[in-house]
Amino acid sequence: MPEHLELQHLVDLSVGSGDESVPNLLENKRPLIKRCPYLGLILATLSSLFFSLCSVIVKSLVNIDPMQLAMFRFIGVLLPTIPIVIYTEQPVFPQGKRVLLILRSIVGTVGLMLSFYAFRNMPLADASVIVFSVPVFVALFARVFLKEPCGIWNTISIILTLIGVILITHPPFIFGNTQLETNQNYNSLRGAIAAFVSTIFGANAYVLLRVLKGLHFSVIMTNFGAIAIMQTLFYSFVFGALCMPNCGTERFLVVCLALFSYLGQILLTMSLQMEQAGPVAIARSADIVFAFLWQVMFFNEIPSKFSIFGAILVLSSVMLVGLRKWALALPADSQLRSKLGALAQ
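Residues numbered from 1 in each chain as written. Predicted model: local features only at pLDDT ≥ 70, side-chain atom pairs only at ≥ 80, totals over all residues. Heavy atoms only, no water.

The subject of this paragraph is the packing of aromatic side chains. According to the stated counting rule, one finds six aromatic pairs in the structure shown. Ring centres of F116 and F119 lie 6.3 Å apart, and the angle between their planes is 35°; on these two criteria the pair is classed as tilted. A residue pair is termed a helical-turn pair when its members lie 3 or 4 positions apart in one helix, as F116 and F119 do in helix 5 (residues 98-121) at three residues. With a relative accessible area of 0%, F116 lands in the buried category. Its relative accessible area of 5% is what places F119 among the buried residues. (Phe/Tyr/Trp six-rings, centres within 6.5 Å; stacked < 30°, edge-to-face > 60°. Helix = DSSP H or I, 4+ residues; strand = E, 2+ residues; numbered from the N terminus. Buried < 20%, exposed > 50% of the residue type's maximum accessible area, 1.4 Å probe, protein only.)

Here you go:
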């Protein structure tokens, strides 16, 4: 699962878990927010830009296995959180939560590696749309494992997302053996399976994060980064995918991968400290727009009409989830909440 989606959930939880650092930071930023009331949304959009560039790098470095690229990206997850966990004096591996922390790290690692394989075997925009649909499926697995309610809006979002995924993947047993891709390097079936299974692992990672919501986010991210690095290093060694990137462009892009991942995380954290999670989730939908733009600019691939329509459906589902989350977070007597109508019910 992409770690920026998990980070959005973690920071949102930390606001309501008695962590005093976030409210203090909010108070310090009030004058800046007054001068630029949309600063949180701008930072969220910039975060999407950096994360989408990470996807471009993964797709471009064809000589490096996605498992090893995932290891480099997890270095970008671990390094920024070590100073935070030291400063806050949090227990790094707390008793009673260790099994859940390990399980959550394994699930998240597999999800991210599968998403990287999807980027390699599908057009960038198609893979990004499917991977980005993770939040829509969270309600389904939260209903199964945590017995949380799954209302009509969540059901509509899931149905729209599934239809969108079908249009994007274009399965032959529905559409016949029409070949939409001209790039012979793609294995669309393998990529589609990897992308969809990635969303399943990602949604379950969210569920595990909800169980671990009492822990400080730096503890969870530190365990995630450390365990993920060991896990990807082991996989790379077993499958013979461990290699040193070539000097020059490859090593530069590997450094950029870790750096962009770090910048995306920091900007997303700041945006969630300035703005509610619902509007930020909507702004994060720019990830899909950037993916279509990079696909045309860097890879000269024009998306098909099925991909565009499927992306619209998935994007609508993600925005519906964000709008409803925003509506439910508003005060009961808010005029904006009354304008959102049925979404706030």
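Before going further, it helps to spend a moment on the packing of helix 6 (residues 124-132) against helix 14 (residues 286-299). Two measures define how a pair of helices packs: the angle their axes make with one another and the distance between the axes. At their nearest, the axes of helix 6 and helix 14 sit 8 Å apart, and the two run at 165° to each other. Judged by the inter-axis angle, helix 6 sits roughly antiparallel to helix 14. Regarding helix 6 and helix 14, the two cross each other, and that crossing is right-handed. Counted together, L124, A125, D126, S128, V129 and F132 of helix 6 and D287, I288, A291, F292, W294, Q295 and F299 of helix 14 form the full contact between these two elements. (Axes fitted to C-alpha atoms, helices over the stretch in contact; angles between N-to-C directions. Parallel < 35°, antiparallel > 145°, perpendicular 65-115°, else oblique. Left-handed = near helix turned anticlockwise from the far one by under 90°. Contact = heavy atoms within 4.5 Å.)

A word on the environment of Q231. Within the fold, Q231 resides in helix 11 (residues 217-238). Here the alpha-carbon distance between Q231 and M67, two residues 164 residues apart in the chain, equals 9.4 Å. Once residues lying within four places of it in the same chain are set aside, the contact partners of Q231 are S105, I106, T109 and V110.

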